[in-house]
Amino acid sequence: MNFFFIIFAFIILFSVNRLTTSLCIQKEIPEENQQRVFRTINILVTILLISSYVEVLFS
């Protein structure tokens, strides 16, 4: 179960990063702001994945 969740988490992070790249290109976000956008989105998605893992673990 843990192995599948880790694989799932990497797939989710990869797809979210691809979508973030598309967003930055489409909205023409400057290079200096793109790093902040990526960091914020990655932190929020990581928090979401950790909280869902804890919920699955204890249910």
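Residues numbered from 1 in each chain as written. Predicted model: local features only at pLDDT ≥ 70, side-chain atom pairs only at ≥ 80, totals over all residues. Heavy atoms only, no water.

A.B. asks: Quick question: what am I supposed to make of the environment of I6 here?
C.D. replies: Mapped onto the elements, I6 comes out in helix α1 (residues 2–26). As for I6 and L49, which are separated by 43 residues in sequence, their C-alpha atoms are 9.5 Å apart. (Helix = DSSP H or I, 4+ residues; strand = E, 2+ residues; numbered from the N terminus.)

A.B. asks: For this particular structure, what's the right way to read the side chain of T20?
C.D. replies: Checked against the element boundaries, T20 lands in helix α1. Ignoring sequence-local partners within four residues, the contact set of T20 consists of V37, F38 and I41. (Contact = heavy atoms within 4.5 Å.)

A.B. asks: How should I be thinking about helix α2 (residues 31–57) in this particular structure?
C.D. replies: Residues that lie three or four places apart on an α-helix share one face, since the helix turns once every 3.6 residues. With 27 residues, α2 ought to run about 39 Å at 1.5 Å a step, and its terminal C-alpha atoms sit 39 Å apart, in line with that. If you check which residues of α2 are buried, you get Q34, V45 and L49. At its buried positions, α2 is contacted by α1. (Expected span 1.5 Å × (residues − 1). Buried < 20%, exposed > 50% of the residue type's maximum accessible area, 1.4 Å probe, protein only.)

A.B. asks: Would you explain the environment of S51 in this entry?
C.D. replies: Its location among the elements puts S51 in helix α2. Residues S51 and K27, spaced 24 residues apart in sequence, show a C-alpha to C-alpha distance of 30 Å. Side-chain polar atoms of S51 contact the backbone oxygen of L48, separated by 2.9 Å. (Polar contact = N/O pair within 3.5 Å; in protein donor to acceptor, adjacent residues only side chain to side chain.)

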